[in-house]
Structures are given as structure tokens and as C-alpha cells.
Amino acid sequence: INLIVLLFCVPLAVSSMNRFSTKTPYIFTNFTTPNYQDFTPKKIWSILRHGTRLPSKKIISRYQGMVDLRDELLSKPNKLSLQQREAFKLWKPMDIKFEHYKFLTKEGEQELHQLGIRFRERYPMLFNDDSKFTFKHTPTQRTEVSAKKFIEGLLLDEEKKHQSTVVERDDPVLRPYKG
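Fair warning: this is a prediction, and the values are worked out from it, not measured in the lab. (Residues numbered from 1 in each chain as written. Predicted model: local features only at pLDDT ≥ 70, side-chain atom pairs only at ≥ 80, totals over all residues. Heavy atoms only, no water.)

Digging into the nonpolar core
Piece 1. Within the largest apolar cluster, eleven residues are counted, these being Leu112, Leu115, Phe119, Tyr123, Leu126, Phe127, Phe135, Phe150, Ile151, Leu154 and Leu155.
Piece 2. Of all the secondary-structure elements, those providing two or more residues to this core are α3 (106-122) and α4 (141-154). (Core = buried A, V, L, I, M, F, W, Y, C linked by side-chain atoms within 4.5 Å. Buried < 20%, exposed > 50% of the residue type's maximum accessible area, 1.4 Å probe, protein only. Helix = DSSP H or I, 4+ residues; strand = E, 2+ residues; numbered from the N terminus.)

Shown next as C-alpha cells:
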């Protein structure tokens, strides 16, 4: 039987704890496809989200407020233990440059690379020298690097041979929720 597989990796959330990478890293999701006998996949279509990213401008700007709150806690008498006071004294906010808001993190890069490897392992018959691929991403740093890392994992570091294409920011296929 020759069938075409349409795989959309945007499954419905089954619980509030597992949001299938909208809030949960890909590493913690275990999306599997059924294994049917006499079934040979011919195509895979997938819409993937970028990997873990840095916070937004709004959240980064709030970090200074956290430092002020820490200093206020330490300056006034309260019920903090000596150990808690010492921990607060040592605490510093993440060092994130404001202009790097929403950039992909190293963890996000690893997530997409591993996801590419898992796709290749799950569907080895689709990834040979004759295979043709189309990769698209929106014009942001996090989606561009996510696409690159996914391609590297999927195609064994053949990223130079298969490039991704940048699409419009509000592309109706990649961002249907914006329409």
C-alpha cells in the first residue's frame, strides 16, 4: 500500500501540564505515530514551533524590579532565615541583553536538532539521497536558527544542501492564528 502521510505536529493538549511545546520543551513531549503493517509513508508535512527562547522585552525590563524587590526584602526586618537572606544576597537576575529579546537559546537549538534526529529515526525511508525537501520559516532569529538546527538533525548536517526559505511574517500557513 502506498499512502501519503500528512503529519501535523500540533496535537491537541491533553492536560494543562503538557502543552506540546507551546509552553513545554519538545524534549518533554512524546508525540508518536501509529505503526501500521504494510504501510509505507511517502510524505511528511509538519508545522513545528521554534525551540526555547529568551523572554520578551516586557519581561526583561521587569528584572530590574526584581532586584529592587530583593534589596527591599534584605533592608527590612522580616521572617527570612539566615540561609534565605544569604541566598537572596547571592541572587542576580539573568544577564540578557535587551536587544536579544525572544532569541533562541542553546537549549532551543538542541531541542530542534534532537527533534530532527527523531524524525529521521522514525521515518528513515523518507530521508535518502533522492529525497526533496522544502523548509520554510518566518523572518525571526528564533525561527531561522530553529529551522537550521532541525535540518542539521534531520539530514545529518547537510544544511548546506537544503536551505530553508523565509516567508512573510504573517504567512497564513505558518501562522494561521494571525489571520
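Describing helix α1 (residues 57-75)
Piece 1. Helix length check: α1, at 19 residues, gives a terminal C-alpha distance of 29 Å against a target of 27 Å (1.5 Å per residue), a fit within 8%.
Piece 2. What α1 keeps buried is the set Ile60, Tyr63, Val67, Arg70 and Leu74. (Expected span 1.5 Å × (residues − 1).)

Describing the packing of aromatic side chains
How two aromatic rings sit relative to each other is given by the distance of their centres and the angle of their planes.
Piece 1. Counted under the stated rule, the structure contains three aromatic pairs.
Piece 2. Consider the rings of Phe119 and Phe150, whose centres lie 5.5 Å apart with planes at 80°: the pair is edge-to-face. Placement of Phe119 in helix α3 and of Phe150 in helix α4 is noted, with a sequence separation of 31 residues between them.
Piece 3. We classify Phe119 as buried; its relative accessible area is 6%.
Piece 4. Relative to Phe150, the ring of Phe135 lies with its centre 6.5 Å away and its plane at 70°, an arrangement referred to as edge-to-face. Here Phe135 is found in strand β3 (residues 135-137), whereas its partner Phe150 is found in helix α4, with 15 residues between them in sequence. By the burial criterion, Phe135 is buried, and Phe150 matches it.
Piece 5. Connected via pairs of aromatic rings, a cluster forms that spans Phe119, Phe133, Phe135 and Phe150. (Phe/Tyr/Trp six-rings, centres within 6.5 Å; stacked < 30°, edge-to-face > 60°.)

Some points on α3
Piece 1. For α3, which comprises 17 residues, the first-to-last C-alpha distance of 24 Å matches the rise-based estimate of 24 Å (1.5 Å per residue) to within 8%.
Piece 2. Inspection of α3 places Gly108, Glu109, Glu111, Leu112, Leu115, Gly116, Ile117, Phe119 and Arg120 among the buried residues, and these make up the whole buried set.

Topic: the side chain of Thr105
Piece 1. Mapped onto the elements, Thr105 comes out in the loop between α2 (82-90) and α3.
Piece 2. Judged by relative accessible area, which is 17%, Thr105 ranks as buried.
Piece 3. If we ignore the near neighbours within four places in the chain, the residues touching Thr105 are Thr52, Arg53 and Leu54. (Contact = heavy atoms within 4.5 Å.)

Topic: unusual backbone geometry
Piece 1. Positioned with a positive phi, Lys102 is a non-glycine residue whose angle comes to about 60°.
Piece 2. For Lys102, the position within the fold is in the loop between α2 and α3.
Piece 3. Relative accessible area serves as the criterion here: at 26%, Lys102 is assigned to the partly exposed category.

Details of the packing of α1 against α2
Piece 1. In the contact formed by α1 and α2, the axes pass within 10 Å of each other and the chain directions differ by 145°. Crossing geometry of α1 relative to α2 is assigned as left-handed. Here α1 contributes Arg70, Leu73 and Leu74 to the contact with α2, which in turn contributes Arg85, Phe88 and Lys89.
Piece 2. Grouping the constituent residues of the contact of α1 with α2 by class yields three nonpolar, no polar and three charged. (Axes fitted to C-alpha atoms, helices over the stretch in contact; angles between N-to-C directions. Left-handed = near helix turned anticlockwise from the far one by under 90°. Nonpolar A, V, L, I, M, F, W, Y, C, P; charged D, E, K, R; others polar.)

A few points about the pattern of salt bridges
Piece 1. In the structure shown here, the tally under the stated rule is six salt bridges.
Piece 2. A salt bridge links Arg70 to Asp71; its shortest N-O distance comes to 2.9 Å.
Piece 3. Note on Arg70: relative accessible area 14%, which makes it buried.
Piece 4. Of the charged contacts, one joins Lys89 and Glu86 as a salt bridge, the two residues approaching to 3.4 Å between their closest N and O atoms. (Salt bridge = Lys/Arg side-chain N within 4 Å of Asp/Glu carboxyl O.)

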